[in-house]
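Residue strings, one per chain:
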Amino acid sequence: MNKGNFNTVAFIYDKLAGLVFGRSIIYAQVCHLRAVQPGSHILIVGGGTGWILEELDQLKMALAVTYVEPSSAMICRAMKRQPFKYIHVDFISAGYDGVSAGKEYDILITNFFLDLFKEEHLDRVLKGLYTLLKPNGLWLVTDFVNTDKYWQKALVRAMYVFFRLTTQIEADCLQDYATKLVAMKMSKASERQFYHGMIKSWLFVKPLTP
Ligand SMILES: C[S@@+](CC[C@H](N)C(=O)[O-])C[C@H]1O[C@@H](n2cnc3c(N)ncnc32)[C@H](O)[C@@H]1O
């Protein structure tokens, strides 16, 4: 099986996430969507079953969305959510590196995606995605963070055991995603926390000049 193949869990992913984290998993991912402006070109990487597309459609704005997802079972579920009323979605059945170089987006969304990679690979992923964002573009990130709470550490460990077994993801621990993005000169415009501080959602802005 390919590394990070979510086909095996696609049918149960949203239910499982909801069972463990309740509505927090949704609230965290929609909390910064108010920053979306009409006419934006949005790149969603590793979007899973695509429920976020329905949330974008509910903003009632014309948006051009590129949806990149390598799992055939996940993207199939996302495509079944069509037709949308306001947004136009291009589905790309590929990994993050399947996005054409040279394209630039106003908004990038990576939710529970950066946690799939080991640090060295993650650094390459971040650099690659950074180049796809326009100057002054927004990067919405939602992910788990390391905390001092024993039960949260245990839960993160259990999730990695589960996903490494079922999907062969390469990572076995979380990285400090926000610090890495700040080191890339992205400015943190907003940070919200959910589920007792275990999930964070950030709104980053790319500098106007490199
Ligand atoms: C943990 S799930 C998160 C799904 C969704 N963002 C959510 O929060 O509901 C990670 C998603 O990333 C996708 N993925 C795995 N490897 C990827 C890669 N190399 N490039 C893009 N997406 C990838 C998986 O197929 C999966 O749908």
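About the thresholds
- Residues numbered from 1 in each chain as written.
- Predicted model: local features only at pLDDT ≥ 70, side-chain atom pairs only at ≥ 80, totals over all residues.
- Heavy atoms only, no water.
- UniProt positions renumbered as here; feature names shortened; annotations may be inferred.
- Helix = DSSP H or I, 4+ residues; strand = E, 2+ residues; numbered from the N terminus.
- Axes fitted to C-alpha atoms, helices over the stretch in contact; angles between N-to-C directions.
- Parallel < 35°, antiparallel > 145°, perpendicular 65-115°, else oblique.
- Left-handed = near helix turned anticlockwise from the far one by under 90°.
- Contact = heavy atoms within 4.5 Å.
- Nonpolar A, V, L, I, M, F, W, Y, C, P; charged D, E, K, R; others polar.
- Salt bridge = Lys/Arg side-chain N within 4 Å of Asp/Glu carboxyl O.
- Buried < 20%, exposed > 50% of the residue type's maximum accessible area, 1.4 Å probe, protein only.
- Near = heavy atom within 4 Å.
- Polar contact = N/O pair within 3.5 Å; in protein donor to acceptor, adjacent residues only side chain to side chain.
- Areas by Shrake-Rupley, 256 points an atom, 1.4 Å probe, with all protein chains shown as cover.

If you look the chain up in an unreviewed UniProt entry, it shows as Ubiquinone/menaquinone biosynthesis methylase from Fulvivirga imtechensis AK7.

**Description of the UniProt feature "domain: Methyltransferase" (unreviewed entry) in the chain**
As annotated by UniProt and renumbered to match this structure, "domain: Methyltransferase" (unreviewed entry) occupies residues 42-137. Helix makes up 29% of residues 42-137 and strand 29%, and the two end C-alpha atoms of the span are 10 Å apart.

**Observations regarding the packing of helix α1 (residues 13-21) against helix α6 (residues 150-167)**
Running from N to C, α1 and α6 cross one another at 165°; their axes reach a closest spacing of 14 Å. In terms of orientation, α1 and α6 fall into the roughly antiparallel class. Here α1 and α6 pass one another in a crossing that is right-handed. Residue-level contacts link Tyr13, Leu16, Val20 and Phe21 of α1 to Leu155, Met159, Phe162 and Phe163 of α6. Among the residues forming the contact of α1 with α6, the class breakdown is eight nonpolar, no polar and no charged.

**Here's the deal with the pattern of salt bridges**
Taken as a whole and judged by the stated rule, the model has six salt bridges. One salt bridge in this structure joins Lys134 and Asp106, with 3.0 Å as the shortest N-O distance. Here Lys134, found in strand β5 (residues 133-144), pairs with Asp106, found in strand β4 (residues 105-111); they are 28 residues apart in sequence, far enough to count as distant. Asp123 is paired through a salt bridge with Lys180; the nearest N and O atoms lie 2.9 Å apart. Here Asp123, found in helix α5 (residues 119-131), pairs with Lys180, found in helix α7 (residues 177-183); they are 57 residues apart in sequence, far enough to count as distant. Classification of Asp123 as partly exposed rests on a relative accessible area of 27%. Residue Lys180 is classed as buried on the basis of its relative accessible area of 16%. What you see here is one network of salt bridges that share partners, running through Glu119, Asp123 and Lys180.

**A short note on the site of the ligand**
Taken together, 19 residues are adjacent to the ligand, and Gly46, Glu69, Pro70, Tyr96 and Asn111 come closest. Here Gly46 contributes a backbone N or O atom positioned 2.8 Å from a nitrogen atom of the ligand. With respect to the ligand, the side chain of Glu69 contributes an N or O atom lying 2.5 Å from an oxygen atom. Burial of the ligand by the protein chains amounts to 92% of its free accessible area of 600 Å². Here the shell around the ligand is built from residues that sort into ten nonpolar, eight polar and one charged.

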